[in-house]
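Each chain, letter by letter, is given below.
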Amino acid sequence: QSTEAVVSTQSTGKGDGSIAFVNFIGCILNCIYVLLYYWYTPNKTSVYRTVGGFILMLLGIHMYSAWMHTHPDEAINFIGLVGVFITVGMFASPLAQLRIVMETESTESMSFPLAILVCLQSLMWWWYGVIKDDGYIQFPNVCGTVLGLFQVGVFLYYWNSKPKNVSNIMSNV
């Protein structure tokens, strides 16, 4: 989602609003998710810090790209690179559960449908980037496809494994 959002300036400038539309919907859904999470979490301070940090990061990126880059193409390149790093991080985030999966020899802490959807989604966005000849879309989505395939591989490897003692492992996390 992130890469497509930050590259939307470049892509919509080429007469292509599909990236902007997809990311507009993604932003609305993410805002709803954050609001629901905020509503139900007992640790509202953590939500304040995370949202505040996110807003400060966006402001910093905006100020840097607006004030330090005199040419629009330079700003687009900077924002595109930031989006690439954020998107690769987003695709890699489910792998944070990998240690738990390997120690328990169980994939109960991971979502198989999410791994499949990450593969399909990033594969389709990669192909879209190829068609549009846009490296800011291609690179992170190739990474997302590889990371998604790795997650699916982890599921297949531990598919029928019986979980080890999860309570001991979870208490050490």
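Everything discussed here concerns the structure shown above.
Scoring rules and cut-offs
Residues numbered from 1 in each chain as written. Predicted model: local features only at pLDDT ≥ 70, side-chain atom pairs only at ≥ 80, totals over all residues. Heavy atoms only, no water. Helix = DSSP H or I, 4+ residues; strand = E, 2+ residues; numbered from the N terminus. Expected span 1.5 Å × (residues − 1). Buried < 20%, exposed > 50% of the residue type's maximum accessible area, 1.4 Å probe, protein only. Polar contact = N/O pair within 3.5 Å; in protein donor to acceptor, adjacent residues only side chain to side chain. Patch = residues over 30% accessible without salt bridge, like charges linked within 9 Å, V, L, I, M, F, W, Y side chains within 5 Å. Areas by Shrake-Rupley, 256 points an atom, 1.4 Å probe, with all protein chains shown as cover. Salt bridge = Lys/Arg side-chain N within 4 Å of Asp/Glu carboxyl O. Core = buried A, V, L, I, M, F, W, Y, C linked by side-chain atoms within 4.5 Å. Phe/Tyr/Trp six-rings, centres within 6.5 Å; stacked < 30°, edge-to-face > 60°.

**Here we look at helix α6 (residues 112–132)**
With 21 residues, α6 extends 30 Å from end C-alpha to end C-alpha; this agrees with the ideal 30 Å at 1.5 Å per step. Listed as buried for α6 are Ala 115, Val 118, Cys 119, Ser 122, Trp 125, Tyr 128 and Gly 129. Put simply, Ser 111 is the residue that caps the front of α6, since its side-chain oxygen is 3.2 Å from the backbone nitrogen of Leu 114. Downstream of α6 by a residue or two, Asp 133 has a phi angle that is positive, lying close to 55 degrees.

**Regarding a nonpolar patch on the surface**
Residues Tyr 33, Val 34, Tyr 37, Val 51, Phe 54, Ile 55, Leu 56, Met 57, Leu 58, Leu 59 and Ile 86 make up a contiguous nonpolar surface patch of roughly 1,000 Å² in combined accessible area. Put simply, the parts of the chain that give the nonpolar patch at least two residues each are α2 (18–40) and α3 (44–67). The biggest single contributor to the nonpolar patch is α3, with 7 residues. Positionally, Leu 56 belongs in helix α3.

**Focus on the nonpolar core**
Formed by Leu 98, Val 101, Met 110, Ala 115, Cys 119, Val 152, Val 154, Phe 155 and Tyr 158, the largest nonpolar core amounts to 9 residues. Those elements that place two or more of their residues in this core are α5 (98–104), α6 and α7 (135–157). Counting residues per element, this core draws most heavily on α7, which supplies 3 residues.

**A look at the pattern of salt bridges**
If you walk through the whole model with that rule in mind, you get 1 salt bridge. With a shortest N-O distance of 3.3 Å, Arg 99 and Glu 103 are connected by a salt bridge. A residue pair is termed a helical-turn pair when its members lie 3 or 4 positions apart in one helix, as Arg 99 and Glu 103 do in helix α5 at 4 residues. A relative accessible area of 44% places Arg 99 in the partly exposed class.

**Re the packing of aromatic side chains**
The final tally for this structure, using the stated rule, is 7 aromatic pairs. Between Tyr 64 and Phe 78 the ring centres are 4.5 Å apart and the planes differ by 50 degrees, which places this aromatic pair in the tilted class. With a gap of 14 residues between them, Tyr 64 in helix α3 and Phe 78 in helix α4 (residues 72–92) connect regions that are remote in the sequence. Among the residues examined, Phe 78 registers a relative accessible area of 22% and is labelled partly exposed. Relative to Trp 127, the ring of Trp 126 has its centre 5.8 Å away and its plane inclined at 50 degrees; by these criteria the two rings are tilted. Residue classification places Trp 126 among the partly exposed residues on the basis of a relative accessible area of 27%. Judged by its relative accessible area of 45%, Trp 127 is partly exposed.

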